[in-house]
Structure formats: structure tokens, C-alpha cells
Amino acid sequence: MASSPCGNGNFDSGLEIKTRSVEQTLIPLVSQITTLINHKDKPKKSERTLAAIHRVGQAVSVAVGRFVAVGEAIATENQELKDEMGQACFEARRAGDAIAQLTDVASALPSQADGRVTVFSDRTGMVKAARLLLSSVTKVLVLADRIVIKQIITSRNKVLVTLDHLERVSTFQEFVQIFSQFGNEMVEFAHLTGDRQNDLKDEKKKARMAAARAVLEKCTMMLLTASKTCLRHPDCESARINKDGVFHRMRCALEQVIDIVTEARSCGENQLLPASIYNGIKDFKSSVECLRENLYSSSPQSMGSQLEALVERTEDFTDSAYTSHEQRQAILSVCQLARQDTQQLMNAWIEAQSVHAKEATEDMEVAILKTCQSIGDLRREVHKVAVGRATDLLKVHGEQLPLRALKTAGAEGNLEAVAEYSRKLTEQKEQLVETCRLLCHVSGTEPLEITCVHAEETFHVIGPQIISAAQTLALHPSSKIAKENLEVFCEAWESQLCDMALLLREINDVFEGRRGRCVSFWLCLQEQTSMAKLGLELRLLSSDLDTEVEKWEAQEHDIVRQSQSLASMAYNMYLFTRGEGLLKTTLDLFHQAEVCASVSASFSSSPPSILFSLLFY
């Protein structure tokens, strides 16, 4: 269980604080109470000091009163928490009153010796009141946090219901109406989960939340175009497969978010990451260095087994068809050297134990240094191979040759060419999936390991979806919606390649000791989040608008073009928050915003009926 933010065991709240907002709320209170407790050590105080402490005590009492009023209002609005919240508020108010009484000037007594005032003679009472106050306030905050979780679950449930309706629609008109509702619900869900992600203290949960939200963000556009394609071509098997895959992935991502916020068994600590070489090296090196302090905490045989388990993990590198002969030999050579050094250490260790040595001998110290060095060499070698392969792949795939070829072949209705380039894309997918697995081995932190796993899963899923979208276009080469659908899936692939490049940069930063996350723009996190949310909203609206373009009369085409231009600019601004797209600097962003504003102003002279239609769609 987590203790209070001040780190003092005396103030253990007995409740685990899982969000930064709760922690930050408690810090000022802890600081004030600590001030009062510390002054208990010197009971005789000047009038100036007494007045200051009196103000602190009264401030605590007043703040607790306001805090309790909010807690009681929450209890009234949420009957399921009424009893627990009411009890916690009662205890908080009682503790606040006790602190106010203990710091009351009227209770102070003058000293007979020097005339100074002696206060806080009841040290035990102050500590007891402080403990009760922190415990009860923490409980109120944690209970209030349940409301946030409830909001996320409720939002998820609404999205799931609408998602089911979307999956069953049979007419285009019905789809447009339901998707408009779905878009609004997804934006609300994005707001709630984005705030929750930023508030989480656990970096692993943060990374899992970010991965799930990224899936939902990208799948929202895929769901739109895949569903429209299926409605336009209801008898097309490849279109149905494409659509089913998107719905399935969205449902899985929604469940993952709920698992994270509710700490379900399938998530958190119980969801084990793949055993990585980095963690194996870290654990093995720790075991080796611990011998300097204790020769008898483990056995030489267990250390040998630990090394062999570590070497076994390198088979993901040495068994790969994409690893060069030179790279394979280099890894095997370092592994063999590590075995030799570890064997020398084990021999020296056994010798030291045989003479009942109390600390590491000189021979052991030399062997420890050599073993740590060879293990460090192994880490550097696998890091070089993984990062080098990822860099090379990103350069090759940056040209997007298979994607361009698939688009062309599909538009020409050439099924044979689509099959040929699908095989090439599948090969690229397998290379990227394996490279993500190798990067996971050397990522260096658990959040980055989670990001690597997410990247691996994304390439594994999107590759076949691009192929099914290309097959649909080849069967219906004149279909605008099938062409748009393929474009959306290709954009998702390209976006994941950009994410992989950022991931590679962060892995290098960790390896070289630079742990700060890379930021490619100047905006603060709140501004980035706000812009991203607005961008998603406009993107959803603009896609619905594109669907309606064919219904508009010729004289209304200028309005259509302007609205499409506005949507395109908004989406570019949204991509900027992800470090992607055409806008590269904040200056570019501001210029785009000015142009966007001028285009928006031109709508003021448009016919009201046109504007209403634009807003509705």
C-alpha cells in the first residue's frame, strides 16, 4: 500500500494512490501537517511563531471544510458511494476540527519561566488527528476517482452499443445517422481516456493505455471506410473480411482500456511481457555483483542456469533468416565469452566457499569484472543488430513501393498483380514484426517494451487488412469508396512506420543514457491533446461530408471544395500533434491556422441551408 506523498511512514493512508491528481491534491495538505508536527518538538514559541502556526491550523480546518462539502455533494449524486463517502467525509471533518482546536491560541498556556507561550502539549493527539485526516481525505479522493472510472465504463458501454448497431446496418442512410452518433461517442471516450492516461502514475499502465487509444484512433477511420465499402459492395467477401477485422480490433482495444482503468486480472502486473534480453542481462548482472556482499545467497549452479536462460533468448537473433552471417557469429562469440568468464567466476566462487570466505576473494573480484564486461558486450551487440536492422528496414519501407504498386494494381482491376504485390507486402510485414520483437529485447524500459509489442501487433494486423482492401478495389476498380478504403489502411501502415521511427529514437536514447522522451514540436501537452481531439472531431465530420459530395448540385461545388480544404487543413494540424504530416515546425502550424481561419470566415456568406448541411454531415 502506498504511503502519503511526504514519504513519512507515520502518515500511511492505507490506500494506494494510483493517479497524479490525487497525489498532487494531497501534497499541500501533507506539507501543512508536517509543519505542525515538526513544531511539536519545540513546545515554547514566540508570539510570531504561534500566530503562524495558528494560521496554518485554521487554514487546514477551513480547507477540509470546503473539501468535505464537495465530497458530500458527490455522495448525493452517486448513491452507490453514499455510505463510504459519507463516513470518509465525517472522519475528515472531525480530524480537521481536532487540528483547529489543537492549534487554537486560546488553548495555549504562558510559561512561568520566561513568559513565552507553551502550546501543543498533546503531541499524541496531533499525530492521531493528522493520520486520521490524511487517511480520510485520501479515501474521499480515491472514492471520487471511482466516479471517473465509472464515467469511462459508461462511455465505453455506449460506444459498444452503437458499434453493434453499426455492424448490423443494411442501408447507407441508416449508417450515416448512426455513425454520426458513434463519432460523438468516440470523441467523448477519447477525452475521458486521454485525461486518465495523463493522470496515471504507473508508466506501464500509461503505455498500455496509449497503445489501446492509438488502436481506437486509427480504427475509427478504418471502420468508417470499411463499413461504407461493405455497404456499397454487400456481396464482396474481401470487403466483409476487411470490415470484420476492424470491428474485432476495436472491441479488443475497448476492453483493454477498461482492463487498465479497473485493474482487471488480464491487465497490469498479471499481463506478462515477453522475456527480454535486456531484463535478462540486468538480472544476471545484479546476481553477479551481489556476490561482493554475500557469497552464500545463491549457488554457482543457479548462476550457470541463469546465464543459459539468457543465452537462449538470443536465439531470436541468431535463428533469424534476416540476420547476416557476420552478425550471427558476433553474437555467438560474445555468448561463448560470457560462458567462459562465468565459468571462471563459478570456479573462484566455489573455491571461496570451500575455505569459508566471508567476502569475495581477489580472484572472484577479477572474474566478476570480466563477467560484467562480457555481458555488457552482449548487450551492445544485440542492440547494434536490432537497431541496425530497424534503421535499414525503415529506409527501405519509406519508399512504400509495395503499397503504391497495390494501389495501382487495384485501380486497374489486375488481380494477378494484386496477388504478387500482396506477397511482397506480406514479406515486409514479417520482417517488421520480427524487427519489433528484436527491438523489444533491447528496449531498456517496460513502457518501451509495451510500445514494441503494440507495434508488432499493429503490423501483424494491418498487413492482411491492406491486402483485403486491395482485393476489393481490384474486384471493383471504379469504386471510389473502395479506393478511399485502401488509402486509409495504407495511411495507417505509414503512420505506424513513423511511430516505429520515434520508438527507435527513444530506444537509442535509453541505451545512451538520455531518458527524456523526444519532442518534435513546441506545444505543451495540454495544447497537443486539445488539438488532437479537435482534429479527430473534424476528421470524422469531413469523412461524412466526403460521402455526401456526390449528392450536391453543381452550383454548390465551391462550398464543397472549401469545406474539403478546411477539413484537410484541420487534419494536417492534427497530424502535427503526432509528429507526422506536412507541417514540420510550429511556424508552419501557425501559418496553417491563419489560412484555416480565413477559409472558415468565407463560410459566413454561404446560404444558411448549405451551412446547416455541412454542420449536420
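Now for a look at the structure at hand. (Residues numbered from 1 in each chain as written. Predicted model: local features only at pLDDT ≥ 70, side-chain atom pairs only at ≥ 80, totals over all residues. Heavy atoms only, no water.)

**Quick look at the overall build of the protein**
Spelled out, the test is: Each helix is a run of H or I in the DSSP string that is no shorter than four residues. Each strand is a run of E no shorter than two, and both are numbered from the N terminus. The buried label goes to any residue with under 20% of its type's maximum accessible area, the exposed label to any with over 50%, and the partly exposed label to all in between, with areas taken from a 1.4 Å probe on protein chains only. Residue contacts are counted whenever heavy atoms from the two residues lie within 4.5 Å of one another. All accessible-area figures derive from a Shrake-Rupley calculation using a 1.4 Å probe, and residue coverage is judged against the displayed protein chains alone.
Counting secondary structure elements, the protein contains 20 helices and three strands. Within the protein, the proportion of its 617 residues that are buried is 47%. Considering only contacts within the protein whose residues lie at least 6 apart along the sequence, 77% involve residues at least 24 apart. Here the protein displays about 30,500 Å² of accessible surface, and carbon together with sulfur accounts for 53% of that area.

**Quick look at empty space enclosed by the protein**
The cut-off we apply is this: Only protein atoms enter the 1 Å grid used here, on which a cavity is any set of points holding a 1.4 Å probe that cannot leave and a pocket is any open set flanked by protein within 12 Å on both sides along at least five of seven lines; residues with an atom within 4 Å of a point are listed as lining. Grid points are joined across faces, edges and corners, and a volume is the space filled by probe spheres set on the points. Residues are grouped as follows: Ala, Val, Leu, Ile, Met, Phe, Trp, Tyr, Cys and Pro are nonpolar; Asp, Glu, Lys and Arg are charged; all remaining types, including Gly, are polar.
Per the counting criterion, the structure on display carries two cavities of 30 Å³ or more. The computed volume of the second largest cavity comes to approximately 40 Å³. Residue lining of the second largest cavity: Ile277, Tyr278, Ile281, Arg379, Val382, His383, His441, Val442 and Phe511, and that is the complete set. Listed by contribution, the elements that provide at least two residues to the lining of the second largest cavity are helix H8 (277-290), helix H12 (362-397) and helix H14 (415-442). Of the residues belonging to the lining of the second largest cavity, the class tally is six nonpolar, two polar and one charged.

**Thoughts on a negative patch on the surface**
Here is the rule: What goes into a patch is any residue over 30% in relative accessible area without a salt bridge, connected to like charges within 9 Å or, for nonpolar side chains (Val, Leu, Ile, Met, Phe, Trp, Tyr), within 5 Å. Counted as salt bridges are all cases of a side-chain nitrogen of Lys or Arg within 4 Å of a carboxyl oxygen of Asp or Glu. Positive: Lys, Arg. Negative: Asp, Glu. His and the chain ends are not part of the count. Charged side chains are reduced to one point each, which is NZ for Lys, CZ for Arg, CG for Asp and CD for Glu.
A cluster of acidic residues, Glu312, Glu315, Asp316 and Asp319, forms a negative patch at the surface. Here glutamate 315 lies in helix H10 (residues 315-318).

**Remarks on the packing of H8 against helix H9 (residues 300-313)**
Keep this limit in mind: Geometry is summarised by axes, namely lines fitted to C-alpha atoms with helices restricted to the contacting stretch, and by angles between N-to-C directions that run from 0 to 180 degrees. Relative orientations are named as follows: roughly parallel for angles under 35 degrees, roughly antiparallel for angles over 145 degrees, roughly perpendicular for angles from 65 to 115 degrees, and oblique for any other angle. In this scheme the handedness of a crossing depends on how the near helix is turned from the far one: anticlockwise by less than a right angle means left-handed, clockwise means right-handed.
H9 packs onto H8 with a crossing angle of 160° between their chain directions and a minimal axis gap of 9 Å. In terms of orientation, H8 and H9 fall into the roughly antiparallel class. For the element pair H8 and H9, the recorded crossing hand is left-handed. Seen from H8, the contacting residues are Ile277, Asn279, Gly280, Ile281, Asp283, Phe284, Ser287 and Val288; seen from H9, they are Met303, Gln306, Leu307, Leu310 and Arg313. Taken together, the residues of the contact of H8 with H9 break down into seven nonpolar, four polar and two charged.

**Details of the nonpolar core**
Nonpolar side chains tend to gather and get buried jointly when the protein is soluble and globular. Worth spelling out the cut-off: Working definition of a nonpolar core: buried Ala, Val, Leu, Ile, Met, Phe, Trp, Tyr and Cys residues. They are joined through side-chain atoms within 4.5 Å.
Membership of the largest hydrophobic core comes to 105 residues, with the highest contact counts inside it found for Phe182, Leu223, Met250, Phe317, Leu439, Ile466 and Trp493. Excluding residues within four positions of it along the chain, isoleucine 466 makes contact with Leu403, Leu406, Leu425, Leu486, Phe489, Cys490 and Trp493. Counting 21 residues, the second-largest nonpolar core is a separate cluster that includes Val68, Met85, Ala92 and Ala95.

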